[in-house]
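Here is how the chains run, residue by residue.
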Amino acid sequence: EVKLLESGGGLVQPGGSLKLSCAASGFDFSRYWMSWVRQAPGKGLEWIGEINPDSSTINYTPSLKDKFIISRDNAKNTLYLQMSKVRSEDTALYYCARPGYGSSSWFAYWGQGTLVTVSA
Amino acid sequence: DILLTQSPAILSVSPGERVSFSCRASQSIGTSIHWYQQRTNGSPRLLIKYASESISGIPSRFSGSGSGTDFTLSINSVESEDIADYYCQQSNSWPTTFGAGTKLELK
C-alpha cells in the first residue's frame, strides 16, 4: 500500500525557516517524480514544485521559486521541502504527492498534509 | 500560466440527483485535465484523469468529459458521501495549475 506521511509542520515566525519531510512507503520511491502542493486555509490547491528521481531536475512554480527548496533522499525514502523567509501567506497545509506513474503530472497519491502556521 | 475557472462555486443537490461540475481553461489543453475530490479535513483523491479516464476504485457514478477548453465532471446519482470540494487540474502546460474548486452541498 502506498503511503505518504508528512511531518515537520508547526508554528514559525515571519521571516523564519522550516523543513518539512515526507516519508514514503509501499512503492519504489527512487523511480518516481515527487511533488509538493499546498492549501491555504479555506482555499484551493497550489502546486509548489517537483523533483525527479535522481534529483537532477527540480522545478518550482515561478512565484514560489525563491522561497522553497525541494530535495530528496532515496536511501531514506524521504522527500523534503525547505521553506525560508516565510510570510503569513505561507500559512497552509502542505501535501506531498506522487504521480500515477513515473513522471506523469496527475497525482494518484497524497499524504495527509502537515500544517504550517506563520505567526508572531 | 493556464487559468482554470470552475463553476459554480457552490452546488446544492439532493441525494439521487445527477450533478455536473464545470471547468474551463484559459486556453486549449487537449484532454489534460484531472479531477479530484476533497472531503472535509481529507486529502485530495483522484477521481478522473485525462478528462474521461476512470480510476481504479472510484465508483462508476463518477464520469468526465470534454476537450479543448471546456470540461465536465458528472456524478450520476449523488450519495451523501459525495459531499466534498471538487477540483480540476491541468497538466498540459507547465506549471500545472488547479481550479479554485466547487463545493458540493446537500439541499
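The present account deals with the structure reproduced in this document. Quick caveat: nothing in here was measured; it's all calculated off a predicted structure.

What follows covers the overall build of chain B. Scanning chain B from terminus to terminus reveals zero helices and 11 strands. Seen in sequence order, chain B has helices and strands lined up from the N terminus as β-β-β-β-β-β-β-β-β-β-β. Here the C-alpha radius of gyration of chain B, 13 Å, is about what a compact globule of 107 residues would show, namely 13 Å. Its C-alpha atoms give chain B principal-axis dimensions of about 35 × 25 × 25 Å. For chain B, long-range pairs separated by at least 24 residues make up 57% of all intrachain contacts whose partners lie at least 6 apart in sequence. Summed over all atoms, the accessible surface of chain B reaches about 4800 Å², with 45% contributed by carbon and sulfur.

Glancing now at the interface of chain B and chain A. Each partner contributes residues to the interface: chain B has 16 residues there, and chain A has 21 residues. Taking both partners together, chain B and chain A bury about 1500 Å²; carbon and sulfur atoms supply 65% of that area. Three residues, Pro44, Trp94 and Phe98 of chain B, lead the burial of chain B against chain A; their summed loss comes to 35% of the area buried on that side. Linking chain B with chain A are seven residue pairs in polar contact (both at pLDDT 80 or more). Contributing elements (two or more residues each) for the side of chain B that touches chain A: β4 (33-38), β5 (45-49) and β9 (85-90) of chain B. Of all the elements, β4 of chain B adds the most residues to the side of chain B that touches chain A, at three residues. Grouping the constituent residues of the side of chain B that touches chain A by class yields eight nonpolar, seven polar and one charged.

About the cut-offs
Residues numbered from 1 in each chain as written. Chains lettered and ligands numbered in written order. Predicted model: local features only at pLDDT ≥ 70, side-chain atom pairs only at ≥ 80, totals over all residues. Heavy atoms only, no water. Helix = DSSP H or I, 4+ residues; strand = E, 2+ residues; numbered from the N terminus. Rg over C-alpha atoms; globule rule 2.2 N^0.38 Å. Contact = heavy atoms within 4.5 Å. Areas by Shrake-Rupley, 256 points an atom, 1.4 Å probe, with all protein chains shown as cover. Buried area = accessible area lost by both parts, 1.4 Å probe. Polar contact = N/O pair within 3.5 Å; in protein donor to acceptor, adjacent residues only side chain to side chain. Nonpolar A, V, L, I, M, F, W, Y, C, P; charged D, E, K, R; others polar.

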